[in-house]
Amino acid sequence: MSENNNTTEADVCEACGTIVELGSVIEAGDTVLVLPFEGADEAGVNKLAQKYIDAAKTRFETVIVTQENIATENGFTSKVTLEFDCTAEKLIFEMGLSAI
């Protein structure tokens, strides 16, 4: 937290060594998470993306998943979009990303 009581200064907290502005963490209606995956080959990228898709579906059965695959000059890109029912589900999933 900020040491002074200046209301114009953004409050921040330190969690896991990361400084986060509190007002930007939770926003009503923020239910969509986009995860980009890149690699040299399609199979490897899709295998990694599938781990995150499986984790989301296991934790939140109603999550809507879309995946866009694109061949690039340097290999392959997959953009996975996860649409959760509510902001809290998205936040919970994001907090657990490092465990995947």
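Here the structure is a predicted model, which is why all the values come from computation and not from measurement. (Residues numbered from 1 in each chain as written. Predicted model: local features only at pLDDT ≥ 70, side-chain atom pairs only at ≥ 80, totals over all residues. Heavy atoms only, no water.)

## Examining the environment of leucine 33
Logical step 1: By the secondary structure assignment, leucine 33 is in strand 3 (residues 32-39).
Logical step 2: Put simply, leucine 33 and lysine 90 are 57 residues apart on the chain and 7.1 Å apart in space, counted from C-alpha to C-alpha. (Helix = DSSP H or I, 4+ residues; strand = E, 2+ residues; numbered from the N terminus.)

## Things to note about the pattern of salt bridges
Logical step 1: Applying the stated criterion across every chain yields a total of three salt bridges.
Logical step 2: A salt bridge links aspartate 30 to lysine 90, with the shortest nitrogen-to-oxygen separation between them at 2.8 Å. One end of the pair, aspartate 30, is in the loop between helix 1 (22-25) and strand 3; the other, lysine 90, is in helix 3 (residues 87-95), and 60 residues separate them in sequence.
Logical step 3: In this structure aspartate 30 comes out as partly exposed when scored by relative accessible area, which is 24%.
Logical step 4: Among the salt bridges present, the one from lysine 79 reaches glutamate 68, with a minimum N-O distance of 3.5 Å. Placement of lysine 79 in strand 5 (residues 75-83) and of glutamate 68 in strand 4 (residues 64-72) is noted, with a sequence separation of 11 residues between them. (Salt bridge = Lys/Arg side-chain N within 4 Å of Asp/Glu carboxyl O. Buried < 20%, exposed > 50% of the residue type's maximum accessible area, 1.4 Å probe, protein only.)

## Thoughts on the environment of threonine 66
Logical step 1: Turning to its location among the elements, threonine 66 is positioned in strand 4.
Logical step 2: The spacing of threonine 66 and threonine 81 is 15 residues in sequence and 5.2 Å in space, taken between C-alpha atoms.
Logical step 3: Every residue in contact with threonine 66, bar those within four places of it in the chain, is listed here: Lys79, Val80 and Thr81. (Contact = heavy atoms within 4.5 Å.)

## Remarks on the confidence of the model for the protein chain
Logical step 1: On average, residues of the protein chain carry a pLDDT of 83, and 74% of them reach 70 or more.
Logical step 2: Counting contacts from residues 1-9, a segment whose pLDDT is below 50, to residues more than four positions away or on other chains yields six contacts. (pLDDT = per-residue confidence, 0-100.)

## Here's the deal with the sheet that holds strand 5
Remark on secondary structure: sheet strands pair via backbone hydrogen bonds, oriented parallel or antiparallel.
Logical step 1: If you trace the three strands from one edge of the open sheet to the other, you get 3-5-4, paired in antiparallel fashion. Looking along the sheet, the strands with just one partner apiece sit at the ends: strand 3 and strand 4. Neighbour-to-neighbour, the strand axes of this sheet turn through a mean angle of 15°, independent of strand direction.
Logical step 2: Both strand 4 and strand 5 contribute to a ladder of nine bridges, which runs antiparallel. Bridge pairing in strand 5 links glutamine 67 to valine 80.
Logical step 3: Contacts from helix 2 (residues 42-59) reach strand 3, strand 4 and strand 5 within the one sheet, and its direction differs from that of strand 5 by about 10°. (Pairing = 2+ DSSP bridges. Axes fitted to C-alpha atoms, helices over the stretch in contact; angles between N-to-C directions.)

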